[in-house]
Amino acid sequence: MVLGLAFVEQPKRVLIVGLGGGTIPSLLRKHYPKMTIDVVDIDPDVVAVAKKYFGFHEDDAMHVRVADGAPVH
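Chemist: Lay out helix α1 (residues 23-31) with the relevant residues and their values.
Modeler: All buried positions along α1 are accounted for by Pro-25, Leu-28 and Arg-29. Projection of α1 onto a plane perpendicular to its axis shows the buried side chains occupying an angular sector of 100°, all on one side. What points out from α1, more than 90 degrees from its buried face, is the exposed set Thr-23, Lys-30 and His-31. Contacts made by the buried residues of α1 are with β1 (13-17), β2 (36-41) and β3 (62-66).

Chemist: Please set out the pattern of salt bridges residue by residue, giving values where relevant.
Modeler: What the rule picks out here adds up to three salt bridges. Between Asp-59 and Arg-29 there is a salt bridge; the shortest N-O distance is 2.9 Å. Here Arg-29 lies in helix α1 and Asp-59 lies in the loop between α2 (44-53) and β3, a separation of 30 residues in the sequence. For Arg-29, a relative accessible area of 15% translates into the label buried.

Chemist: Mind laying out the sheet that holds β2, listing which residues take part and the relevant values?
Modeler: Spatially, the three strands line up as an open sheet ordered β1-β2-β3, and their pairing is parallel. Both edges of this open sheet fall to β1 and β3, since each of them pairs with a single strand only. Taking each pair of neighbouring strands and ignoring which way they run, the sheet shows an average axis angle of 15°. Sheet analysis places β2 next to β3, joined by five bridges and oriented parallel. Within β3, the residue paired with Asp-41 across the bridge is Val-66.

Each value, and the rule that gives it
- Residues numbered from 1 in each chain as written.
- Predicted model: local features only at pLDDT ≥ 70, side-chain atom pairs only at ≥ 80, totals over all residues.
- Heavy atoms only, no water.
- Buried < 20%, exposed > 50% of the residue type's maximum accessible area, 1.4 Å probe, protein only.
- Helix = DSSP H or I, 4+ residues; strand = E, 2+ residues; numbered from the N terminus.
- Arc of directions from axis to C-beta.
- Contact = heavy atoms within 4.5 Å.
- Salt bridge = Lys/Arg side-chain N within 4 Å of Asp/Glu carboxyl O.
- Pairing = 2+ DSSP bridges.
- Axes fitted to C-alpha atoms, helices over the stretch in contact; angles between N-to-C directions.

Here is the structure:
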């Protein structure tokens, strides 16, 4: 899922569609502390569970938006 980062010398920003437990954005925060991380998830309950049970937290450069990540036709 993060293989594309191997082709970017210094990634600055990433968009993740679907938060799940928040492990991917948390992993990226750990290894790329200066990266801006935007996350979109359609379900506010998923965001709440990730924060309550999986230790996910937003910071100044990592934000979650509750919205539909699918393109509108």
